[in-house]
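One letter stands for each residue in the lines below.
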Amino acid sequence: MRGTDMPVTPEAIRSRVLAHHAAWLIRAEAERGCDDPEIRELTVLLIRVERGEGSPEVRVRCSSDSRSGHMKTAVITAGLRIDGDHLPAHSPIAYGPTRSLDGRLKAHEWIKQRIWRKDPARSRLVVDESVPVRWETAPRP
């Protein structure tokens, strides 16, 4: 997103994933100790990222409100896709809520119309062309 601190190139995403999770890992090791299974799992993932595993992506996870479905929101994160999971490179960026006037569109289709343009100068979401953007609609509660 324009004006935010989101990495947009593959190299920047990879380095920010390492930095973002290393900070959490240091705090968690101090609090829980090194024997925690979650800490060991994250350590293995970070070693795999350092070796070049994982593919950079930007995930836009969209949702609708539970009452009418007209209010749409999105959570945007750049990160690495590894073993089917998304490993974020930064804290999530929220977009919305925005009111959908077209009830036929799913949440991700509506949000995409609001923030994505082919012309990078007009788009609110600007990423490197080698980084895919994955649009998802979360199921309504």
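Analysis parameters
Residues numbered from 1 in each chain as written. Predicted model: local features only at pLDDT ≥ 70, side-chain atom pairs only at ≥ 80, totals over all residues. Heavy atoms only, no water. Buried < 20%, exposed > 50% of the residue type's maximum accessible area, 1.4 Å probe, protein only. Helix = DSSP H or I, 4+ residues; strand = E, 2+ residues; numbered from the N terminus. Arc of directions from axis to C-beta. Contact = heavy atoms within 4.5 Å. Salt bridge = Lys/Arg side-chain N within 4 Å of Asp/Glu carboxyl O.

(A) Layout of helix α3 (residues 107-115). Of all the residues in α3, the buried ones are Ala107, Trp110, Ile111 and Ile115. Seen end-on, α3 carries its buried residues on one side only, within an arc spanning 115 degrees. Packing partners of the buried residues in α3 comprise β1 (55-64), β2 (71-82), β4 (93-99) and β5 (133-137).

(B) Spotlight on the pattern of salt bridges. Under the criterion given, the structure shown has six salt bridges. Glutamate 57 is paired through a salt bridge with arginine 81; the nearest N and O atoms lie 3.9 Å apart. Taken together, the residues glutamate 57 in strand β1 and arginine 81 in strand β2 connect sequence positions 24 residues apart. By relative accessible area, glutamate 57 is classed as buried at 5%. Residues glutamate 57 and arginine 134 are paired through a salt bridge, measuring 2.8 Å at the closest nitrogen-oxygen approach. Highlighted residues: glutamate 57 in strand β1 and arginine 134 in strand β5, separated in sequence by 77 residues.

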